[in-house]
Amino acid sequence: MPTNIPASRRKLIERIAAAARRSKLRSGTIDPAQFVRDYYHGVAEGELTQHAVTELAALALAHQRLARTRAPGATIVRAFNPDVRRDGFSSTHTVVQVTTDDMPFLVDS
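Residue positions are given per chain, counting from 1 as you read along its sequence in written order. This being a predicted model, a pLDDT of at least 70 is required before a residue's local features are given, and a value of 80 or more before pairs of side-chain atoms are given or counted; all residues contribute to the totals for chains, interfaces and linings. Values shown for side chains rest on all heavy atoms present in the structure; no hydrogens or waters enter the calculation.

Draft legend 1. Quick peek at helix 2 (residues 32–40). Only protein chains enter the area calculation, which uses a 1.4 Å probe; residues under 20% of their type maximum are buried, those over 50% are exposed, and those in between are partly exposed. For helices the rule is a DSSP run of H or I covering at least 4 residues; for strands it is a run of E covering at least 2, with both sets numbered from the N terminus onward. Those residues of helix 2 lying buried are Pro32, Ala33, Phe35, Val36, Arg37 and Tyr40. Between two residues, a contact is recorded if the distance between any of their heavy atoms is within 4.5 Å. Of the surrounding secondary structure, the elements contacted by the buried residues of helix 2 are helix 1 (7–22), helix 3 (45–48) and helix 4 (53–68).

Next up, the structure:
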């Protein structure tokens with residue numbers, strides 16, 4: 001992964017990665033800290049600072065758990081209102097998680 005992101009954002013992502021490493025929600029063989037670094041690499045710092053690092057770590061790890069259930073070639077979409085007991089984190093927002101094969105032009109901004 002290129003490191004051409006601002007130092008302040010890298011520092012924030014490292015705090016999220018540390019929270020993921022400490023989390024009891026992690027699963028799988030992928031290093032949770034590296035997963036979080038990749039997951040949030042392109043996210044704007046302003047967006048990241050609006051949430052607690054533990055919430056962001058839990059959100060990323062929940063998406064990783066969902067992705068582990070996906071069959072190759074399939075697409076999984078999950079929309080939910082997070083609950084601490086069920087999901088390990090809460091949010092005032094509805095969360096939409098999409099996991100699919102990598103493909104060009106999947107999202108066009």
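The discussion continues.
Draft legend 2. Quick look at the pattern of salt bridges. Should a side-chain nitrogen of Lys or Arg be within 4 Å of a carboxyl oxygen of Asp or Glu, the pair is scored as a salt bridge. Scanning all chains against the criterion turns up five salt bridges. A salt bridge links arginine 78 to aspartate 87; the nearest nitrogen and oxygen atoms lie 2.9 Å apart.

Draft legend 3. Highlighting the packing of aromatic side chains. Pairing of aromatic rings covers Phe, Tyr and Trp, the last through its six-membered ring, and needs centres within 6.5 Å; plane angles under 30 degrees mean stacked, over 60 mean edge-to-face, and all others mean tilted. Applying the stated criterion across every chain yields a total of three aromatic pairs. Ring geometry for phenylalanine 35 against tyrosine 39: centres 5.5 Å apart, planes inclined by 35 degrees, an arrangement best described as tilted. Placement of the pair is phenylalanine 35 and tyrosine 39 together in helix 2, with a separation of four residues, close to one helical turn. With 4.9 Å between their ring centres and 80 degrees between their planes, tyrosine 39 and tyrosine 40 make a pair best called edge-to-face.

That's the geometry; what it means functionally is another story.
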